[in-house]
Amino acid sequence: MSTTTTQTSPADPSALDDRLFLARDNLQALIDLLVAQGHQVIGPKIDQGAIVYTEIQSVDELPRGWTDIQQPGQYRLEKRNDDAYFGFVVGPHSWKRYLFPPITTIAVADQTPQGWEMRGHPGPTPKYAFLGVRACELAAMRVQDRVFLEGPYVDPIYQSRREEAVIIAVNCTQAAATCFCTSMKTGPECQSGFDLALTETAGGFTVVIGSTRGRALAEQLPLRPAVAEEQAAARAGRERAEQQVTKQFDTTDIRDLLLKNLNHPHWADVAERCLSCTNCTMVCPTCFCSSVVDVGDLAGEHVERERRWDSCFNLDFSYMNGGVIRNDVRSRYRQWLTHKLASWIDQFGQSGCVGCGRCITWCPVGIDLTVEVAALRSETAV
Amino acid sequence: MSAKPRLGVFKFASCDGCQLSLLDAEDELLAVAGAVDIAFFPEASSRMEPGPYDVALVEGSITTAHDAERIHEVRRESKFLMTIGACATAGGIQALRNWGDSEEFVRAVYAHPEYIQTLATSTAIADHVKVDFELRGCPINHHQLVEVLASLIAGRKPRTPTHAVCLDCKRKGTVCVTVAQGIACLGPVTQSGCDAICPSYDRGCYGCYGPLKQANPTSLADHLVQLNHPPAQLVPLFRSFNGYAEEFRGVGDGMERRMKDEG
Ligand code: SF4
Ligand code: SF4
Ligand code: SF4
Ligand code: SF4
């Protein structure tokens, strides 16, 4: 098993207190430090009408003074009445696109007079620093660690990127209508799995150190001890987020509820609405499916092997030995939900859902998995 | 298939855009020319040799009685017949006539309607002869065309993805224009092929690559109506390049019926 350096939980529980403080004007110093250490800083930025994760170099690129309003199938940016840097929740991107990239060349082959010459194509490992990772996203990384690092086959691309990535978490101080981390016990407060965790207050950020790497960073930052009012403001912000998580998801016996009702009529009901468009699986920070294709030139002399994000919603994804196994939308939606919420538990010992709500917001027709499960539950005589 | 398959390119009612896509594939064109024997391609070469052909690429839809005959000839002469583009695969934009009165159009447009011989409909090649492979798009993507030709030469299955356009948006990191901006987009019911160009320019997908297999356009249309897109605008969205493809036709017609019922 491979562990990453970001996995250390704080030994001293008081480390979770907001003892340190980074003044608002010093946020740039954090970015500069990460850049000086050779990291490519990835953080939230407004692009195409949403807050996405992309390379940033300056605090001026952050969505200062903006927030996101989310509903099933709908996302809108709105001006805040303050100039908070992190006054929003999670958007269409997740860190998955940096740790498990959407398209990667994994091998190349060339025809030579001596026959095919095949070589791996690892490529250089980017040294990322993720700024603004939320509690549910830390949980999603742990889920993907289990998938990519802790089974018999370790994924070297994920592993090397994960080990390099510095994690600067940010505690949510508000929640969207689609968030349900409290039901999945993944948030809204960041507990572990980060190097540093910040909580934003009006004058700056309280800082928690989560790892040795985080401690080393902290030593080089212009931090000062937090005063009681700042600690109280940070706590109030986190409590506000917790209160704003109003979506509840009853997961009692969910594994059996789903797996014992594979022929429940509700699956057909969802299939009437579901487009089998793959958006939910693509935005989900834990979905890990990919397919591998060989892309050759016309002469058949040079072939590149690509790994690409794929989805159980694709017809071809279950094409086996001359036939498609999941040959209707009903069975594909059922596959997604039963894997995510039920057989994932058998496979990896935990749920595949961290309650981030992305699949709800980014479904073009606003299908909400929590509503579907609740409907199935209420229509089931237990 | 033997080393150098004989290729024929045949045109029916179309704008020639798909053939141009092939000519546009500058980087690959020489390789194509080296790998296949281009026996018949009037758009590109004066060499027009008779059949039989190993591979026929058919562009365009059937709109005249003469073409309805000619496609049978092409089929007889060809081992593998592949349609290229929305016209050949679904009837094309000219299939809009299928909802109108083509005689009236002819009278309105031409000074001498008596010289015009045309069918009342524009129909897909598959409505007339057996088609071995349909390459979608308006126009086709030349990378896909080269991939299909390469697969024929190598004797393997072509790798032209059949997933929804949405998957390409997500791989590219494009933010969904429907969710974030309320724009009507046909991406969730349209087959991939263009690498999701339109959403990356803040536009909805126009459905150029035709319906996704097992598409659910009714659900999408219902949702777009809920988002306040007037049905009078959604009908033409579904009725464009691939509007006569069964799935798109059904939803457009359904909406139109409802609009009439509601007066
Ligand atoms: S689900 Fe929880 S942790 Fe995630 S963004 Fe929403 S409030 Fe924050
Ligand atoms: S299933 Fe939905 S809510 Fe759960 S982790 Fe995935 S995207 Fe987030
Ligand atoms: S649940 Fe929504 S996002 Fe997922 S495949 Fe169905 S329509 Fe697409
Ligand atoms: S923009 Fe269109 S194609 Fe892209 S994800 Fe949204 S609905 Fe799908």
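Keep in mind it's a predicted model, so treat the numbers as computed, not measured.

Points about helix 2 (residues 26-35) of chain B
All names here are of chain B. Among the residues of helix 2, those classed as buried are E28, V32 and A35. Mapping the buried residues of helix 2 onto a view down its axis gives an arc of 65°, with all of them on the same face. Facing away from the buried surface of helix 2 by more than 90 degrees, the exposed residues are E26 and L30. Looking at the buried side of helix 2, the elements it contacts are strand 2 (37-40) and helix 6 (142-154).

With respect to the domain arrangement of chain B
Residue and element names in this part refer to chain B. Looking at the assigned domains, one finds that chain B contains domain 1 (6-154) and domain 2 (165-261). Measuring from the centre of the C-alpha atoms in domain 1 to the corresponding centre in domain 2 gives 25 Å. Across the boundary between the two partners, domain 1 contributes 16 residues, which contact 16 residues of domain 2. Between domain 1 and domain 2 the total buried area reaches about 1,300 Å² when both faces are included, carbon and sulfur atoms providing 57% of it. Here domain 1 is connected to domain 2 by zero salt bridges. Here domain 1 and domain 2 share seven residue pairs in polar contact (both at pLDDT 80 or more) between them.

Some remarks on the interface of chain A and chain B
Across the contact, 44 residues belong to chain A and 36 residues belong to chain B. Carbon and sulfur atoms supply 56% of the area that chain A and chain B bury against each other, a total of about 3,100 Å² over both sides. If you sort the residues of chain A by the area they bury against chain B, Q48(A), L275(A) and L298(A) come out on top, with a joint share of 24%. Summed over the shared surface of chain A and chain B, the number is zero salt bridges. Between the two partners, chain A and chain B, sit 18 residue pairs in polar contact (both at pLDDT 80 or more). Elements represented by at least two residues in the side of chain A that touches chain B include exactly strand 3 (50-55), strand 5 (74-79), helix 9 (266-273), helix 10 (279-283), strand 13 (290-296), strand 14 (302-309) and helix 11 (329-348) of chain A. Of the residues contributing to the side of chain A that touches chain B, the split by class is 22 nonpolar, twelve polar and ten charged.

Procedures and definitions
- Residues numbered from 1 in each chain as written.
- Chains lettered and ligands numbered in written order.
- Predicted model: local features only at pLDDT ≥ 70, side-chain atom pairs only at ≥ 80, totals over all residues.
- Heavy atoms only, no water.
- Buried < 20%, exposed > 50% of the residue type's maximum accessible area, 1.4 Å probe, protein only.
- Helix = DSSP H or I, 4+ residues; strand = E, 2+ residues; numbered from the N terminus.
- Arc of directions from axis to C-beta.
- Contact = heavy atoms within 4.5 Å.
- Domains from an automatic or database assignment.
- Buried area = accessible area lost by both parts, 1.4 Å probe.
- Salt bridge = Lys/Arg side-chain N within 4 Å of Asp/Glu carboxyl O.
- Polar contact = N/O pair within 3.5 Å; in protein donor to acceptor, adjacent residues only side chain to side chain.
- Nonpolar A, V, L, I, M, F, W, Y, C, P; charged D, E, K, R; others polar.

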